[in-house]
Amino acid sequence: MDYVNAIVLLLNYIFVPALSYGSQLALGAIFVSLIYGILRFAYFTAGDLMSFGTMFTILFTWYFQSLGISLGVLPTALLAIPFGIIITILYVLAKDKLVFSYYRMKKSPPVMLAMVSIGTMFVTQAIVRIVIGPFDRRFFDGEKFILKANEFKEMTGLNEGLTIKSTQVITLLVTIIVVSILFWFLNKTKTGKSMRAYSDNEDLALLSGIDPKKVVMITWLIAAVLATIGGTLYGLDKSFKPFTYFNNMLPIFAAAIVGGIGNPFGAFLGGYVIAFSEILLTYAYRKFFIYILPESLEPDGLLQLLSTDYKFAVSFSILVVVLLFRPSGIFKGKII
Amino acid sequence: MREYRDVILAYSIMLGLIILVGFLQSWSIALSILCFCLISAVMTMGANIQWGYAGLINFGIMGYTALGGLAAVLVSAPPVKEAWQVGGMQMIFCALIIAAMVFSVRFILKKFQKSNNRNYGIAFVIIVGLIFLRLISSPAIESIEAVSPATTGFLGGMGLPIVFSWIVGAFFAGALAYVIGKIALGLRADYLAIATLLISEIVIAVIKHEDWLARGVKNVIGLKRPVPYEIDLQSTQWFIDLVARFNQKSLNLITDTLEKEQFLKQLVIEGSTVFVKLCYAGLFTIVVIILLIITQKALYSPWGRMMRAIRDNEEAANAMGKNVVKQHLLIFVLGSAVVGIAGAMMVTYDGLFTPGSYRPMRYTFLIWVMVIIGGSGNNFGSILGGFAVWFLWIEAAPAALFLINFFTSGLADTNAFKIHLINSIPYFRLLMMGIALLLVMRYRPKGILPEKIKHV
C-alpha cells in the first residue's frame, strides 16, 4: 500500500489536466451564459468565435516572432492576446450592428435569434478557414515544462512522476485573474449591476433608466474578451484546429446548462464539473488500485468505467441527467 | 392553378439549373446532384414536419441520419456466421438484460410514489444492469471483433435487399426519437435544440466506437445495390442496343467499323453511369412523391390544423382539450422517422457506411439552412430548399473559383494572395451558406415559398 504514490498518480493524470481543461471550458461557458442571460438566446457561434479570436492571436504571434519579439520563458501569444481581443471586439460589434440588432429591435423570439447565430456561425467558420486554413497549428513557444516527471521523481524519490506544463499554470493563473475581475465587475460596479438587473427583469431595468444599448455592448465586449482568452489558452495547451473549436461548443453548452444557464458563476463551476467528470469516468484506475490495495487484492482489468472514446458522450449524458432532474441547472439559473 | 404559380416557377428554375449543369459540366454530375437533392429533400421534409407543423426544434438530424445508415448496413450486409457463433448468444442475452432493465425501471416508476427511495431503486437497477452488461458483453465483443478484423469483425446484417432498410431506418430513427422525446420534449425551444444536438453526438459516438455493430470507423463498404451495376450493364446486349439507338446519328457518321465499335464502347461506359444514376433518381423521386402526398394530406387534414393550433398557441389548444404533450411526441417521432429514411437512402446511394463522416455542420445545420431558406410549414418549400441549398453547396466551389479569377485577374498566377484564395475555395461554400441564411432570415423570414394557410 502506497498512498503517496497513488495520490501523485491521480494528481498527474486527473487533477492537473482536468483543472486546465475545465478552466478553458469555464471561460467559454461564462460568456455563453452571459449572452443567454442578457441577450436571451443560445449563441451557437460560441466555438467559432473562440477560434476567430485565437486565429488573430496566432497571426499577431507570428508577426511578433518575425520581428524577433518574445517574452522569454513565457509564450509570445500572451503578448498577442490584447491585439486578438481588439479585433474580435470589432468583429462582434460589427456583427451585432449588422445582424443581431435588427432582430432585437423587432423583439423576435429567442429561437429566431438562435437560428441567426447559426448563420453567423457559418460565416465565422468560413472566415477562419479562408484566412488560416483548416489545419492543426501549434503556436506555443517558450519554456514547455515547469516540472518534469523525472525531476519530480528525483526530488521526492517516489515511483510516480508529476508533470506540470507551463501552459497549465498559465491557464489557471489567467483564468483566476480574468474571472475575479469579471465577477468584481458584475457584482461591484454600477455597470455590472445594471447588467444583472437587465438580465433579471428587462422591463424593470429599462424603467429604472438603464441604457439597453450600453448593456448589450458590454455583453458583447465581455464575450469577445473571454472567447479570445479561452480560445488562446486552449490552443496553447493543446493545439489550434478550427474543427476542434467548433466541437468544443458542445461541452461549453453542456457546462453552461449544467451550471444553470444565465448564471455566470454557475457556468464557471459547470466547466469544471464537465471537465472532471469527463476525465474521472474515462480514466483507467488499475494502477491506482495497485497502489492502494494490498497485493492479494490486485485487480486484473483496466478498471476503466468508460472507454476514452466516449469522452464527449460523458458530458452530454451528465447534461441529460441534469435536464431531467434539475432543468434549471445545479446552481440554479433561469427557470425554464 | 394560380396558387401554385410560385411553386411551378421555382421548381422549373431549379430543374433548369440542374439541366444546365448537365450541359455545361456533365450529365453524371447533374444526376448525382439531383440524387442528393432528392435525399436532402426527404431530410428537409422530416425537419419541416417537426419545425414547420409543430414548431419543435430538432438539432439531432445527424443522429437520425446515421441511424438510417446503420439500418442499411444491418439489413443488407451479409451475416457473419463465425461472429454469431463466437458471440451472438451473449449479445442477444445483453439485449434481454437491457429490456429487463427498461421494464423494471418502468415498473418501479409506476408502482411507487415519487420519493428518494424510488430514485435510489432506479439507480440501483441501472448500475447492477450495467455491471452485468459489461461482464457479459466485453469478452463477447472481443471475440466478435477478432473474427477476420480486416474484412468483417462485426455481427453482419441480415442479407436482405437494401431497399427494406428504408423502412427499417424509419423505425430505428422513430424509436430513438421516442426515447429522446420522452426525455427532452418538455424543455423550452432553445434548450431542446441544444439537448438534441448533444444527444445526436452521443449516437454518433456509439456508432463510431462499437465496432461489433457496424465496424465503427473502419467503415462498411460494398453494400448491395438495388439497381444494376455499371460493369454488368456494359456487357448486356439490350443496354448496348439502347445506347446505339440513342446515338444513331453520330454513329452513322463514322464509317470505319473498328472506330465505330470503339466509339460505341466509350458511349456505353458513359451511358452506364448515367443509367445507374437515373435508376437511383427514379427510386428517390418515388419516395419523395409518396412522402409529399402523405405530408400534404396530413397538413390539410383536421390533424394538421390541430398541429398548427398547437404550434401557434399551445395553451389555447390545451384548453380545447388537445393533448399537447402526446401530439408533440407523435410529431417528433414521425419527423425523425422521415429523416431516418433519408439516412438509409443516402447509404444506399453511396454503397458504403462511414460513421466518421457524420458531422453536425453537414447533417444538422445544413439541413436547417434548407428548411429555413425553402420555407418552413410548406412542404413544397422545404423540398425546394433541399434542392436549392444542395445545388448551391455543390456549385459554390466552381462559382467561387470563377469569382476569384474574375476579381484577381489583375494579379499574376504566382501571386501568394491569389494562390491562398484558390486553395481555400472549399470554404467559400460555408460563407455563401451563412450569407444566404442571414439574407433570407432578414428579408424573407418565411422562406422562398412561405406557408399558405387556407382560411375556411
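The paragraphs below set out a description of the structure included in this document. Just so we're clear, the structure is a prediction, and the values are computed from it rather than from any experiment.

Quick word on the overall build of chain B
Each helix and strand in chain B was counted, giving 19 helices and zero strands. By principal-axis analysis of the C-alpha atoms, chain B measures approximately 90 × 60 × 50 Å. Put simply, chain B has 456 residues, and 50% of those count as buried. Of all intrachain contacts in chain B linking residues separated by at least 6 positions in sequence, the fraction that spans at least 24 positions is 82%.

Here we look at unusual backbone geometry
Even without being glycine, K107 of chain A reaches a positive phi, approximately 55 degrees. Since its relative accessible area comes to 65%, K107 of chain A is described here as exposed. In this structure, N219 of chain B is a non-glycine residue whose phi angle is positive, near 65 degrees. Accessibility expressed as a relative area gives 23% for N219 of chain B, which makes it partly exposed.

Some words on a nonpolar patch on the surface
All names here are of chain B. Where nonpolar side chains cluster on the molecular surface, the patch consists of L9, I13, L15, L17, I19, L20, F23, L24 and W27 and spans about 930 Å² of accessible area. Of note, L24 is situated in helix 1 (residues 5-24). A relative accessible area of 67% means that L24 is categorised as exposed.

Side note on the packing of helix 3 (residues 77-105) of chain A against helix 19 (residues 428-443) of chain B
Put simply, helix 3 of chain A and helix 19 of chain B touch, their axes get as near as 11 Å, and they point 30 degrees apart. Between helix 3 of chain A and helix 19 of chain B, the interaxial angle falls into the category roughly parallel. In the crossing of helix 3 of chain A with helix 19 of chain B, the sense of the turn from one axis to the other is left-handed. Along its contact with helix 3 of chain A, which presents L98, V99, Y102 and Y103 of chain A, the element helix 19 of chain B presents L438, M441 and R442 of chain B. For the contact of helix 3 of chain A with helix 19 of chain B, the class distribution of residues is six nonpolar, no polar and one charged.

Overview of the packing of helix 2 (residues 27-54) of chain B against helix 15 (residues 324-350) of chain B
All names here are of chain B. The N-to-C vectors of helix 2 and helix 15 enclose an angle of 170 degrees; their axes lie 8 Å apart at closest approach. With respect to their mutual orientation, helix 2 and helix 15 come out roughly antiparallel. Among the residues forming the contact of helix 2 with helix 15, the class breakdown is 18 nonpolar, six polar and one charged.

Re the interface of chain B and chain A
Residue-level contacts link 45 residues of chain B with 48 residues of chain A. Taking both sides of the interface into account, the surface hidden between chain B and chain A amounts to around 4,200 Å²; carbon and sulfur atoms contribute 78%. One can count zero salt bridges joining chain B with chain A. At the boundary of chain B and chain A, one finds six residue pairs in polar contact (both at pLDDT 80 or more). Listed by contribution, the elements that provide at least two residues to the side of chain B that touches chain A are helix 7 (189-209), helix 16 (360-374), helix 18 (416-423) and helix 19 of chain B. Sorting elements by how many residues they give to the side of chain B that touches chain A places helix 7 of chain B first, with 14 residues. Tallied by class, residues from the side of chain B that touches chain A come to 34 nonpolar, four polar and seven charged.

Some details on helix 9 (residues 212-237) of chain A
Compared with the 38 Å implied by 1.5 Å per residue over 26 residues, the 37 Å span of helix 9 of chain A between its first and last C-alpha is a close match. You can read the cap of helix 9 of chain A off the contacts: a side-chain oxygen lies 3.2 Å from the backbone nitrogen of K213 of chain A, and it is on D211 of chain A.

A word on the nonpolar core
Ranked by size, the top nonpolar core spans 247 residues in total, and within it F31, Y43, F44 and W220 of chain A together with F59 and F365 of chain B carry the most contacts. In terms of residue count, the dominant contributor to this core is helix 2 of chain B (18 residues). Excluding its chain neighbours within four sequence positions, the residues that come into contact with W220 of chain A are I35, L39, F41, Y43, V92, L93, D96, F100 and R104 of chain A. Judged by nonpolar contacts, the second largest core, of nine residues, contains I97, V125, L133 and I136 of chain B.

Overview of the state of the cysteines
Residues and elements named next belong to chain B. Counting across every chain of the model gives zero disulfides over all chains. Take C35: it sits in no disulfide, and the sulfur closest to it among the cysteines is that of C37, at 9.2 Å. A residue is classified by how much of its surface remains accessible, and C35, at 0% relative accessible area, is buried. Left without a disulfide partner, C279 is nearest to the cysteine sulfur of C35, which lies 9.8 Å away.

Cut-offs and rules
- Residues numbered from 1 in each chain as written.
- Chains lettered and ligands numbered in written order.
- Predicted model: local features only at pLDDT ≥ 70, side-chain atom pairs only at ≥ 80, totals over all residues.
- Heavy atoms only, no water.
- Helix = DSSP H or I, 4+ residues; strand = E, 2+ residues; numbered from the N terminus.
- Buried < 20%, exposed > 50% of the residue type's maximum accessible area, 1.4 Å probe, protein only.
- Contact = heavy atoms within 4.5 Å.
- Patch = residues over 30% accessible without salt bridge, like charges linked within 9 Å, V, L, I, M, F, W, Y side chains within 5 Å.
- Areas by Shrake-Rupley, 256 points an atom, 1.4 Å probe, with all protein chains shown as cover.
- Salt bridge = Lys/Arg side-chain N within 4 Å of Asp/Glu carboxyl O.
- Axes fitted to C-alpha atoms, helices over the stretch in contact; angles between N-to-C directions.
- Parallel < 35°, antiparallel > 145°, perpendicular 65-115°, else oblique.
- Left-handed = near helix turned anticlockwise from the far one by under 90°.
- Nonpolar A, V, L, I, M, F, W, Y, C, P; charged D, E, K, R; others polar.
- Buried area = accessible area lost by both parts, 1.4 Å probe.
- Polar contact = N/O pair within 3.5 Å; in protein donor to acceptor, adjacent residues only side chain to side chain.
- Expected span 1.5 Å × (residues − 1).
- Core = buried A, V, L, I, M, F, W, Y, C linked by side-chain atoms within 4.5 Å.
- Disulfide = S-S within 2.5 Å.

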